[in-house]
Protein chains: 2
Amino acid sequence: MIELDDVRAAARRLAAVAHRTPVFTSATLDQLTQCRVFLKAESMQRTGSFKFRGAYNRLARLTVEERRRGVLAYSSGNHAQAVALAAKLLEIPATIVMPADAPSIKLDATRGYGAEVVFYDRYRQDRLAVATELARQRNLVVVPPYDDPDIMAGQGTAALELMEDVDGLDMLVVCIGGGGLMAGSSTAVKGVDPSITVVGVEPAARDITRRSVEIGIRIAVDVPATIADGLQTTQPGELTFEVNRRHVDTFTVATDAQMIAAMLLLFTRLKLVIEPSGACALAAVIAGNVACAGKRVGVILSGGNIAPDRFAHFVTAAQAPTG
Amino acid sequence: MIELDDVRAAARRLAAVAHRTPVFTSATLDQLTQCRVFLKAESMQRTGSFKFRGAYNRLARLTVEERRRGVLAYSSGNHAQAVALAAKLLEIPATIVMPADAPSIKLDATRGYGAEVVFYDRYRQDRLAVATELARQRNLVVVPPYDDPDIMAGQGTAALELMEDVDGLDMLVVCIGGGGLMAGSSTAVKGVDPSITVVGVEPAARDITRRSVEIGIRIAVDVPATIADGLQTTQPGELTFEVNRRHVDTFTVATDAQMIAAMLLLFTRLKLVIEPSGACALAAVIAGNVACAGKRVGVILSGGNIAPDRFAHFVTAAQAPTG
């Protein structure tokens, strides 16, 4: 388990390097949801998502010997870019294992931060096996995407900032993939004020944390069919699950269509670019899946890394006539 | 002419009602432009553009008798929404003259602020004639979109905020349509520090202010073919021209393709939704049309009102193979 002090220590480590992301409000959104919504725009964090917080906090705590060896992360998404930038800032060699068919925009971004990219064939090879073998051969420190106390504590700094910047929050709504952002956020919230309700949101196609908490063991599923590519984890993390089952008050879901609707509202009214995973928590609030009437509700928009052509595709899909 | 004190007085009027819009920076953008760029996101101003500043400043200065009569504005764009919201906040009846085929998103937004919308046929009727006749019949006060001292002074508050929030600016780059934003901005800049270079950017398809300043009289053109729908004014304003010819140091242009490139960079790297007109000033900087190497450059992103489907259309256009 991590404690509020771990999150506070992470915040001190991040103070000079991470952005203090802005908080946005919208009269339209408040009217629509019948509550007062405060949006924490982690899309504007360095590398475009909250992942930089955890990655930097983890890397900053490596020993001198570990730094010399270098780090390895396996991800085609936001964690890859986060580790690559954190490693660059701390002058640590970084190796990122990515599928050979990863989008060039993500490949270029990761290489742009100076990381070495090693490809694997995601149809023939197991990512974890490839990464583990490579780390062993090269003697690299593996940086896990969420199931790590320093990663969790780092992610929690977003919620800490939100509570500092907005007085009297009644509720915090956070998406859950592997559960790192939620583990850090819920630890921060319950540590500062246990009366604040913590709500976890998962894609409707993959509500594994909710179901795991219900039965008390971590269930595993196949890769779920959801547009929220940042929330496609197939099992709750071992550590994150223990934190989240204790701190999260309520679980709910949002469908892909609800995420797209939230993305479009964020685009048209708040002028914010948010990726599907990043809109998941807000989508549940807008859809009426969170009992928030009259409350002051913090919502974390976890990231904004979506290519313009993918966004354009969602716009077209949202406008297609439905049966 | 207006003076710095007029802009400062406008800032006091706006303090409690307008957003102090955030300023964004990007390491990628700095690397690309070889200067230090500070982006003032007026997309995040109320109603989604800088226009609220001028409209509110104008309406706040109406007499009690004028307020009772009500106001009229003719616009299908950002000025309409700005006047509608300012009127609502000041409890003044507002009438907006709009083309019958105005996009429903803009119509709904204007009506959402409580304004009465009167349509005209833009293929058969002259907008100014319709508006003037209606104002006469109903005894309404016409709120011009730019050619008015209070409108100009209000728009200048964006530049004033930027100079307060960013130390040691060397240059300010601002788009020019009717010239109201530039008139206010350049007055503010030259009033605070005449050594700051002021650069005006127009669509390449319509560089009428540059050409008018060169020959010393306001030239008029047909409605220009540019995607920058906020900058399609066919002649510089009478008052704005006098201010801008005196205060603007350099004029340059940006093409439609350069505006789209800037919009896509703002989307992918800054996670900001900016409309074509709003990206015009930055487009010129990125295209290398502004001599800014090594300088600290303020750029106003003037607005973010673009429908998702229009944005999607630009993405597709940008990716189409070019001959």
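In this report, the structure presented in the accompanying data block is examined. (Residues numbered from 1 in each chain as written. Chains lettered and ligands numbered in written order. Predicted model: local features only at pLDDT ≥ 70, side-chain atom pairs only at ≥ 80, totals over all residues. Heavy atoms only, no water.)

1. A few points about the overall build of chain A
Here is the rule we go by: Only runs of H or I of at least four residues qualify as helices and only runs of E of at least two qualify as strands under DSSP, and these elements are numbered from the N terminus. With the radius of gyration taken over C-alpha atoms, the globule rule is written as 2.2 Å times the number of residues to the power 0.38. Only heavy atoms enter the contact rule, under which two residues are in contact if any of them lie within 4.5 Å. Using the Shrake-Rupley algorithm and a 1.4 Å probe, accessible areas are obtained, with residue cover drawn only from the displayed protein chains.
Within chain A, the secondary structure is distributed over 15 helices and 10 strands. Relative to its length of 323 residues, chain A is compact, with a C-alpha radius of gyration of 19 Å against a globular reference of 20 Å. Of the contacts formed within chain A by residues at least 6 apart in sequence, a portion of 73% connects residues at least 24 apart. When the accessible surface of chain A is split by element, carbon and sulfur atoms take 48% of a total near 12,700 Å².

2. Observations regarding the relation of the copies chain B and chain A
The test is simple: Here the copies are superposed with least squares, the fitted atoms being C-alpha atoms of residues at a pLDDT of at least 70 in both.
After a rotation of 180° and a shift along the axis of 0.0 Å, chain B superposes on chain A with an RMSD of 0.0 Å. Expressed as an axis order, the relation between the two copies is that of a two-fold axis. Ranked by how close their C-alpha atoms come to the rotation axis, the residues of chain B are headed by Ala312 of chain B, at 2.2 Å.

3. Some details on the nonpolar core
The line we're drawing: Nine residue types can take part in a nonpolar core, namely buried Ala, Val, Leu, Ile, Met, Phe, Trp, Tyr and Cys, and a core is a set of them joined through side-chain atoms within 4.5 Å. Exposed residues in this analysis have more than 50% of their type's maximum accessible area, buried residues have under 20%, and partly exposed residues fall in between, with area computed by a 1.4 Å probe over protein chains only.
Within the largest apolar cluster, 136 residues are counted, with the highest numbers of intra-cluster contacts made by Leu39 and Val173 of chain A together with Leu39 and Val173 of chain B. Non-local contacts of Leu39 of chain B, meaning those with residues more than four positions away in its chain, are made with Pro22, Val23, Phe24, Leu29, Leu266, Leu270, Leu282, Val299 and Leu301 of chain B.

4. Concerning the pattern of salt bridges
Quick reminder of the rule: The salt bridge criterion pairs a side-chain nitrogen of Lys or Arg with a carboxyl oxygen of Asp or Glu, the two atoms within 4 Å.
Taken as a whole and judged by the stated rule, the model has 42 salt bridges over all chains. Taking the shortest distance from any N to any O, the salt bridge between Arg245 of chain A and Glu242 of chain A comes out at 3.1 Å. Taken together, the positions of Arg245 of chain A and Glu242 of chain A, both in helix H12 (residues 238–247) and 3 residues apart, correspond to about one turn of that helix. Looking at Arg245 of chain A, the relative accessible area reads 34%, which means it is partly exposed. Residue Glu242 of chain A is classed as partly exposed on the basis of its relative accessible area, which comes to 36%. As a salt-bridge pair, Arg136 of chain B and Glu133 of chain B come within 2.8 Å of each other at their nearest N and O atoms. Taken together, the residues span about one helical turn, with Arg136 of chain B and Glu133 of chain B both in helix H7 (residues 127–138) at a distance of 3 residues. Under the relative-accessibility criterion, Arg136 of chain B is labelled exposed at 58%.

5. Quick word on the sheet that holds strand S9 (residues 250–254) of chain A
All names here are of chain A. As a reminder, the rule being used: Only strands joined by at least two bridges in the DSSP assignment are considered to pair. Interaxial angles span 0 to 180 degrees and are taken between N-to-C directions of axes, which are lines fitted to C-alpha atoms, for helices over the stretch in contact.
Overall, mixed pairing links the 6 strands, which are arranged S1-S2-S10-S7-S8-S9 in an open sheet. Among the strands making up the open sheet, the edge pair consists of strand S1 (23–24) and S9. Sheet topology places strand S8 (residues 197–203) next to S9; 5 bridges connect them, and they run parallel. Across the sheet, Val199 pairs through a bridge with Thr250, a residue of S9. Each of S1, strand S2 (36–41), S8, S9 and strand S10 (296–301) touches helix H13 (residues 256–270); the most contacted strand, S9, lies at about 80° to it.

6. With respect to the sheet that holds strand S5 (residues 116–120) of chain A
Residue and element names in this part refer to chain A. In space, the 4 strands of this open sheet follow the order S5-S4-S3-S6, with parallel pairing throughout. The open sheet is flanked by S5 and strand S6 (141–142), the only strands paired with a single partner. As paired elements, strand S3 (residues 71–74) and S6 share 2 bridges and run parallel to each other. Paired with Val71 across the bridge in S6 is Val141. In the packing of helix H6 (residues 104–112) onto the sheet, contacts are made with strand S4 (94–99) and S5, and the angle to S5 comes to roughly 145°.

7. Describing the interface of chain B and chain A
Worth spelling out the cut-off: We define buried area as the total accessible area lost by two parts upon association, computed with a 1.4 Å probe and summed across both. We define a polar contact as two N or O atoms separated by no more than 3.5 Å, with the added condition that, inside protein, one atom must be a possible hydrogen donor and the other a possible acceptor, whereas residues neighbouring each other in sequence contribute only through side-chain atom pairs.
Taken together, the contacts link 24 residues of chain B with 24 residues of chain A. Buried area between chain B and chain A, both sides added, is near 1,900 Å², and the carbon and sulfur share of it is 73%. Where chain B packs against chain A, one counts 0 salt bridges. Scanning the region where chain B abuts chain A turns up 6 residue pairs in polar contact (both at pLDDT 80 or more). When residues of the side of chain B that touches chain A are traced back to their parent elements, those giving at least two are helix H13 (256–270) and helix H15 (308–319) of chain B.

8. Describing the packing of aromatic side chains
So the rule is basically this: Ring pairs are drawn from Phe, Tyr and Trp, using the six-membered ring of Trp, whenever the two centres fall within 6.5 Å, and their geometry is named by plane angle: stacked under 30 degrees, edge-to-face over 60, tilted for the rest.
Counted according to the given criterion, the structure contains 7 aromatic pairs over all chains. Relative to Phe311 of chain A, the ring of Phe267 of chain A lies with its centre 4.9 Å away and its plane at 20°, an arrangement referred to as stacked. In this pair, Phe267 of chain A is assigned in helix H13 and Phe311 of chain A in helix H15 (residues 308–319), connecting sequence segments 44 residues apart. Both residues of the pair, Phe267 of chain A and Phe311 of chain A, count as buried. The interplanar angle of 65° and the centroid separation of 5.5 Å between the aromatic rings of Phe311 of chain A and Phe267 of chain B together place this pair among those described as edge-to-face. Of this pair, Phe311 of chain A sits in helix H15 while Phe267 of chain B sits in helix H13, placing the two residues on different chains. Three or more aromatic residues joined by ring pairs form one cluster here, namely Phe267 and Phe311 of chain A together with Phe267 and Phe311 of chain B.

9. Looking at the side chain of Thr157 of chain A
Residues and elements named next belong to chain A. Within the secondary structure, Thr157 sits in helix H9 (residues 157–165). The exposure class of Thr157 is buried, given its relative accessible area of 2%. At 2.6 Å, the side chain of Thr157 and the backbone oxygen of Gly154 are in polar contact. Look past the residues within four positions of Thr157 in its chain and what remains in contact with it is Val7, Ala10, Ala11, Leu14 and Arg53.

10. Some remarks on the packing of H13 of chain A against H15 of chain A
Residue and element names in this part refer to chain A. To be explicit about the condition: Roughly parallel covers angles under 35 degrees, roughly antiparallel covers those over 145, roughly perpendicular covers 65 to 115, and oblique covers all other angles. We call a crossing left-handed when the near helix sits turned anticlockwise from the far one by less than a right angle, and right-handed when that turn is clockwise. Residues are sorted three ways: Asp, Glu, Lys and Arg are charged, Ala, Val, Leu, Ile, Met, Phe, Trp, Tyr, Cys and Pro are nonpolar, and all the rest, Gly among them, are polar.
At their nearest, the axes of H13 and H15 sit 10 Å apart, and the two run at 110° to each other. The orientation of H13 relative to H15 falls into the category roughly perpendicular. H15 is crossed by H13, and the crossing has left-handed handedness. Taking contact as the criterion, the partners of Ile260, Met263, Leu264 and Phe267 in H13 are, on H15, Phe311, Phe314, Val315 and Ala318. Class assignment for the residues of the contact of H13 with H15 results in 8 nonpolar, no polar and no charged.

11. A closer look at helix H11 (residues 208–215) of chain A
All names here are of chain A. As a reminder of what qualifies: To be clear, the arc concerns the directions from the helix axis to the C-beta atoms.
Among the residues making up H11, those that are buried are Ile208, Thr209 and Ser212. Summarising the axial view, the buried residues of H11 lie within an arc of 95°, below the 170-degree limit, and thus occupy one face. Residues of H11 that are buried sit in contact with S8, H12 and S9. Positive phi shows up at Gly216, right after H11, with a value of about 85°.

Honestly, it's all geometry; don't read function into it.
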